[in-house]
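# Working through the structure, step by step
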Amino acid sequence: LVAQKQAGNSLSGARLLWSFRIGKRKQITFAYALYVDVFIGAENRHKTNEFIIARPDISTVVAYRKTPDPQETEIVLIREFRSASRTRDGFIREVPGGSSWTAGEEIAATAAHEFAEETGFAIAPNRLRKIGERQLCGTFSTHQAHVFACELTAAEMDRLRQDAVRGEHHGVAEDTERTYVEIHRLGDLLDPQSNAVDWSMVGMIMAALA
(Lines give C-alpha, C1' and ligand atoms only; values in the text may rest on other atoms or scores of the structure.)
Protein backbone atom coordinates (compact mmCIF):
# COMPACT_ATOMS: atom_id res chain seq x y z
CA LEU A 1 0.00 0.00 0.00
CA VAL A 2 2.90 2.36 0.74
CA ALA A 3 4.38 1.77 -2.72
CA GLN A 4 1.00 2.39 -4.38
CA LYS A 5 0.58 5.67 -2.48
CA GLN A 6 4.07 6.75 -3.57
CA ALA A 7 3.02 6.05 -7.16
CA GLY A 8 0.05 8.38 -6.75
CA ASN A 9 -2.59 5.68 -6.36
CA SER A 10 -5.12 5.15 -3.58
CA LEU A 11 -7.27 2.34 -2.20
CA SER A 12 -10.91 3.19 -2.73
CA GLY A 13 -12.31 -0.03 -1.31
CA ALA A 14 -11.41 -3.56 -0.28
CA ARG A 15 -13.14 -6.78 0.76
CA LEU A 16 -11.44 -9.58 2.66
CA LEU A 17 -11.71 -12.83 0.70
CA TRP A 18 -9.81 -15.08 3.10
CA SER A 19 -7.08 -15.08 5.69
CA PHE A 20 -4.67 -17.70 6.98
CA ARG A 21 -3.67 -17.57 10.63
CA ILE A 22 -0.90 -19.40 12.46
CA GLY A 23 0.36 -19.83 16.01
CA LYS A 24 -0.82 -22.03 18.86
CA ARG A 25 -3.91 -19.86 19.29
CA LYS A 26 -4.07 -18.80 15.64
CA GLN A 27 -3.19 -15.33 16.83
CA ILE A 28 -0.92 -14.40 13.89
CA THR A 29 -2.26 -13.46 10.47
CA PHE A 30 0.26 -15.00 8.06
CA ALA A 31 -1.47 -14.28 4.75
CA TYR A 32 -4.66 -12.78 3.40
CA ALA A 33 -6.40 -12.08 0.09
CA LEU A 34 -8.26 -8.87 -0.68
CA TYR A 35 -10.63 -7.96 -3.49
CA VAL A 36 -9.59 -4.36 -4.17
CA ASP A 37 -10.76 -1.15 -5.82
CA VAL A 38 -7.71 1.00 -6.58
CA PHE A 39 -7.72 4.46 -8.11
CA ILE A 40 -4.81 4.71 -10.57
CA GLY A 41 -3.59 8.31 -10.52
CA ALA A 42 -1.56 8.11 -13.73
CA GLU A 43 -4.58 6.84 -15.70
CA ASN A 44 -7.33 8.68 -13.80
CA ARG A 45 -9.42 5.51 -13.48
CA HIS A 46 -10.36 2.73 -11.07
CA LYS A 47 -9.07 -0.84 -11.27
CA THR A 48 -11.77 -3.02 -9.73
CA ASN A 49 -11.56 -6.53 -11.17
CA GLU A 50 -8.52 -7.64 -9.20
CA PHE A 51 -7.40 -9.34 -6.00
CA ILE A 52 -4.12 -9.28 -4.11
CA ILE A 53 -2.42 -11.76 -1.79
CA ALA A 54 -0.24 -10.45 1.02
CA ARG A 55 2.19 -12.31 3.28
CA PRO A 56 5.49 -11.44 5.02
CA ASP A 57 8.61 -10.87 2.95
CA ILE A 58 11.15 -13.69 2.82
CA SER A 59 14.95 -13.72 3.18
CA THR A 60 16.83 -16.23 1.02
CA VAL A 61 20.39 -17.45 0.54
CA VAL A 62 21.94 -18.50 -2.75
CA ALA A 63 24.84 -20.67 -1.56
CA TYR A 64 27.21 -21.75 -4.32
CA ARG A 65 30.65 -23.04 -5.23
CA LYS A 66 32.09 -21.57 -8.44
CA THR A 67 34.08 -23.60 -10.95
CA PRO A 68 36.16 -22.54 -13.99
CA ASP A 69 33.26 -23.65 -16.19
CA PRO A 70 30.22 -21.58 -15.12
CA GLN A 71 27.89 -24.38 -16.18
CA GLU A 72 29.50 -26.63 -13.54
CA THR A 73 28.99 -24.14 -10.71
CA GLU A 74 27.19 -25.90 -7.86
CA ILE A 75 24.08 -24.46 -6.18
CA VAL A 76 22.61 -25.52 -2.84
CA LEU A 77 18.86 -26.09 -2.99
CA ILE A 78 16.36 -27.57 -0.60
CA ARG A 79 13.62 -29.95 -1.70
CA GLU A 80 10.27 -29.70 0.05
CA PHE A 81 6.77 -30.97 -0.67
CA ARG A 82 4.44 -28.14 -1.63
CA SER A 83 0.77 -28.70 -2.35
CA ALA A 84 0.77 -26.20 -5.24
CA SER A 85 3.70 -27.86 -7.02
CA ARG A 86 3.41 -28.73 -10.71
CA THR A 87 6.72 -30.60 -10.83
CA ARG A 88 6.94 -34.26 -11.83
CA ASP A 89 7.46 -35.51 -8.28
CA GLY A 90 5.32 -32.98 -6.41
CA PHE A 91 8.30 -31.39 -4.66
CA ILE A 92 9.59 -27.83 -5.00
CA ARG A 93 13.32 -27.06 -5.24
CA GLU A 94 14.31 -23.63 -4.03
CA VAL A 95 17.11 -21.73 -2.38
CA PRO A 96 16.84 -21.86 1.43
CA GLY A 97 14.81 -19.04 2.92
CA GLY A 98 11.74 -17.94 4.82
CA SER A 99 10.17 -15.36 7.10
CA SER A 100 10.89 -14.43 10.70
CA TRP A 101 8.54 -13.55 13.56
CA THR A 102 11.36 -12.23 15.74
CA ALA A 103 10.75 -8.52 16.28
CA GLY A 104 13.61 -6.34 15.06
CA GLU A 105 15.61 -9.21 13.58
CA GLU A 106 17.87 -8.09 10.74
CA ILE A 107 17.05 -9.63 7.36
CA ALA A 108 20.59 -11.04 7.07
CA ALA A 109 20.13 -12.80 10.40
CA THR A 110 16.78 -14.16 9.19
CA ALA A 111 18.43 -15.45 6.02
CA ALA A 112 21.21 -17.16 7.98
CA HIS A 113 18.70 -18.63 10.45
CA GLU A 114 16.52 -20.02 7.67
CA PHE A 115 19.55 -21.49 5.89
CA ALA A 116 20.58 -23.35 9.04
CA GLU A 117 17.02 -24.47 9.75
CA GLU A 118 16.46 -25.89 6.27
CA THR A 119 19.92 -27.35 5.56
CA GLY A 120 21.25 -28.24 9.02
CA PHE A 121 24.38 -26.20 8.23
CA ALA A 122 25.06 -22.88 9.97
CA ILE A 123 26.67 -19.88 8.28
CA ALA A 124 27.42 -16.53 9.93
CA PRO A 125 25.26 -13.59 8.81
CA ASN A 126 28.39 -11.52 8.11
CA ARG A 127 29.32 -13.95 5.32
CA LEU A 128 26.20 -13.05 3.39
CA ARG A 129 26.44 -10.62 0.49
CA LYS A 130 23.26 -8.63 -0.09
CA ILE A 131 21.98 -8.85 -3.67
CA GLY A 132 18.72 -6.92 -3.38
CA GLU A 133 14.99 -7.32 -3.05
CA ARG A 134 12.23 -7.85 -5.62
CA GLN A 135 8.74 -9.25 -5.79
CA LEU A 136 8.43 -12.91 -6.76
CA CYS A 137 5.09 -12.72 -8.54
CA GLY A 138 4.08 -9.09 -8.73
CA THR A 139 0.85 -9.74 -10.65
CA PHE A 140 -0.94 -10.92 -7.51
CA SER A 141 1.35 -11.21 -4.47
CA THR A 142 2.74 -8.22 -2.59
CA HIS A 143 5.63 -9.90 -0.81
CA GLN A 144 9.30 -9.56 -1.75
CA ALA A 145 12.35 -11.77 -1.49
CA HIS A 146 15.46 -10.28 0.10
CA VAL A 147 18.23 -12.20 -1.64
CA PHE A 148 21.71 -12.88 -0.24
CA ALA A 149 24.63 -14.79 -1.72
CA CYS A 150 27.25 -16.91 0.04
CA GLU A 151 30.21 -18.57 -1.66
CA LEU A 152 31.04 -21.85 0.09
CA THR A 153 34.39 -23.56 0.45
CA ALA A 154 35.02 -26.94 -1.13
CA ALA A 155 34.87 -28.55 2.33
CA GLU A 156 31.54 -26.88 3.12
CA MET A 157 30.02 -27.98 -0.17
CA ASP A 158 31.26 -31.53 0.41
CA ARG A 159 29.63 -31.57 3.84
CA LEU A 160 26.31 -30.50 2.36
CA ARG A 161 26.74 -33.04 -0.43
CA GLN A 162 27.16 -35.80 2.15
CA ASP A 163 23.95 -34.64 3.83
CA ALA A 164 22.19 -34.85 0.46
CA VAL A 165 23.50 -38.37 -0.16
CA ARG A 166 22.32 -39.54 3.26
CA GLY A 167 18.88 -38.07 2.58
CA GLU A 168 18.61 -36.49 6.02
CA HIS A 169 15.71 -34.11 6.52
CA HIS A 170 15.54 -30.78 8.31
CA GLY A 171 12.94 -28.08 8.93
CA VAL A 172 10.44 -27.33 11.69
CA ALA A 173 8.38 -30.41 12.53
CA GLU A 174 5.60 -28.48 14.29
CA ASP A 175 5.03 -26.55 11.04
CA THR A 176 4.95 -29.87 9.11
CA GLU A 177 8.05 -28.59 7.32
CA ARG A 178 10.47 -31.22 6.05
CA THR A 179 13.36 -30.17 3.83
CA TYR A 180 16.15 -32.09 2.10
CA VAL A 181 19.45 -30.72 0.78
CA GLU A 182 20.23 -31.08 -2.92
CA ILE A 183 23.28 -29.91 -4.89
CA HIS A 184 22.63 -28.93 -8.52
CA ARG A 185 24.78 -27.87 -11.46
CA LEU A 186 23.92 -24.43 -12.78
CA GLY A 187 23.80 -25.81 -16.33
CA ASP A 188 21.14 -28.32 -15.34
CA LEU A 189 19.00 -25.65 -13.67
CA LEU A 190 19.15 -23.47 -16.80
CA ASP A 191 18.24 -26.32 -19.15
CA PRO A 192 14.98 -25.28 -20.89
CA GLN A 193 13.76 -28.86 -20.61
CA SER A 194 14.16 -28.86 -16.85
CA ASN A 195 11.52 -27.71 -14.38
CA ALA A 196 13.65 -28.32 -11.30
CA VAL A 197 13.29 -24.69 -10.20
CA ASP A 198 10.76 -22.01 -11.10
CA TRP A 199 11.58 -18.77 -12.87
CA SER A 200 11.84 -16.77 -9.66
CA MET A 201 14.57 -19.15 -8.44
CA VAL A 202 16.44 -18.85 -11.75
CA GLY A 203 16.39 -15.08 -11.34
CA MET A 204 17.69 -15.18 -7.75
CA ILE A 205 20.48 -17.60 -8.65
CA MET A 206 21.65 -15.68 -11.72
CA ALA A 207 21.57 -12.37 -9.83
CA ALA A 208 23.74 -13.86 -7.09
CA LEU A 209 26.27 -15.25 -9.59
CA ALA A 210 26.37 -12.21 -11.88
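None of these values were measured; they are calculated from a predicted model.

### Regarding the overall build of the protein chain
From N to C terminus, the protein chain includes five helices and 11 strands. The principal-axis extents of the C-alpha atoms in the protein chain amount to approximately 55 × 40 × 35 Å. Counting over 210 residues, the protein chain shows a buried share of 36%. Long-range contacts, defined here as pairs at least 24 residues apart, represent 53% of the contacts in the protein chain between residues at least 6 apart. Positive and negative side-chain charges in the protein chain, numbering 25 and 28 respectively, have mean positions lying 4 Å apart.

### Quick word on the pairing of strand β4 (residues 58-65)
The buried fraction of β4 amounts to seven of the eight residues, a majority that puts the element mostly inside the structure. Note that β4 and strand β7 (residues 97-98) share two bridges and pair antiparallel. Bridge pairing in β7 links Thr-60 to Gly-97. Summarising the sheet, β4 and strand β5 (residues 74-81) pair through two bridges and their orientation is antiparallel. Its bridge partner lying in β5, Tyr-64 is registered against Ile-75.

### Some details on the side chain of Glu-74
Tracing the chain through its elements places Glu-74 in strand β5. For Glu-74, the residues in contact, after removing those within four places along its chain, are Ala-63, Tyr-64, Arg-65, Met-157, Arg-161, Ile-183 and His-184.

### Remarks on the nonpolar core
Core analysis: the biggest nonpolar cluster contains 19 residues, and Val-62, Ile-75, Leu-77, Val-95, Leu-189, Met-204 and Ile-205 have the highest contact counts within it. Examining the composition of this core, we find that six residues originate from one element, helix α5 (residues 199-209), more than from any other. Apart from the residues lying within four places of it in its own chain, the contact partners of Leu-77 are Arg-93, Glu-94, Val-95, Tyr-180, Val-181, Glu-182, His-184, Leu-189, Val-197 and Ile-205. Judged by nonpolar contacts, the second largest core, of 15 residues, contains Ala-63, Val-76, Phe-115 and Cys-150.

### A short note on the side chain of Glu-114
For Glu-114, the position within the fold is in helix α2 (residues 107-119). Look at Glu-114: it is buried, it has no salt bridge, and the nearest opposite charge is Arg-82 at 8.2 Å.

### Concerning the packing of aromatic side chains
What the rule picks out here adds up to two aromatic pairs. With a centroid separation of 6.4 Å and 85° between ring planes, the pair formed by Phe-20 and Phe-30 is classed as edge-to-face. Here Phe-20, found in strand β1 (residues 10-22), pairs with Phe-30, found in strand β2 (residues 28-40); they are 10 residues apart in sequence, far enough to count as distant. By relative accessible area, Phe-20 is classed as partly exposed at 46%.

### Focus on the environment of Thr-87
Along the chain, Thr-87 falls in the loop between β5 and β6 (91-94). The sequence separation of Thr-87 and Ala-196 amounts to 109 residues, and the corresponding C-alpha distance is 7.3 Å. Setting aside residues up to four positions removed in sequence, Thr-87 forms contacts with Ile-92 and Asn-195. Only 3.2 Å separates the side chain of Thr-87 from the side chain of Asp-89, close enough to count as a polar contact. In this structure the side chain of Thr-87 is engaged in a polar contact, spanning 3.2 Å, whose partner is the backbone nitrogen of Gly-90.

### Section: the sheet that holds β1
Hydrogen bonds along the backbone pair up the strands of a sheet, which may run parallel or antiparallel. Strands sit in the order β1-β2-β3 across an open sheet of three strands; the sheet is antiparallel. Edge strands, defined here as strands with exactly one partner in the open sheet, are β1 and β3 (45-54). Each strand of the sheet is rotated relative to its neighbour by a mean of 15°, with strand direction disregarded. Across eight bridges, β2 lies against β3 in antiparallel orientation. Residue Phe-39 lies in a different strand from β3, and its bridge partner there is His-46.

### Considerations on the environment of Thr-142
Relative to the elements of secondary structure, Thr-142 occurs in the loop between β8 (129-135) and β9 (144-151). For Thr-142, a relative accessible area of 38% gives the class partly exposed. With 42 residues separating them in the primary sequence, Thr-142 and His-184 have C-alpha atoms 29 Å apart. In contact with Thr-142, other than residues within four places in its own chain, are Ile-52, Ile-53, Ala-54, Arg-55 and Gln-135.

Calculation rules
Residues numbered from 1 in each chain as written. Predicted model: local features only at pLDDT ≥ 70, side-chain atom pairs only at ≥ 80, totals over all residues. Heavy atoms only, no water. Helix = DSSP H or I, 4+ residues; strand = E, 2+ residues; numbered from the N terminus. Buried < 20%, exposed > 50% of the residue type's maximum accessible area, 1.4 Å probe, protein only. Contact = heavy atoms within 4.5 Å. Lys, Arg positive; Asp, Glu negative; His and termini not counted. Charge placed at Lys NZ, Arg CZ, Asp CG, Glu CD. Pairing = 2+ DSSP bridges. Core = buried A, V, L, I, M, F, W, Y, C linked by side-chain atoms within 4.5 Å. Salt bridge = Lys/Arg side-chain N within 4 Å of Asp/Glu carboxyl O. Phe/Tyr/Trp six-rings, centres within 6.5 Å; stacked < 30°, edge-to-face > 60°. Polar contact = N/O pair within 3.5 Å; in protein donor to acceptor, adjacent residues only side chain to side chain. Axes fitted to C-alpha atoms, helices over the stretch in contact; angles between N-to-C directions.

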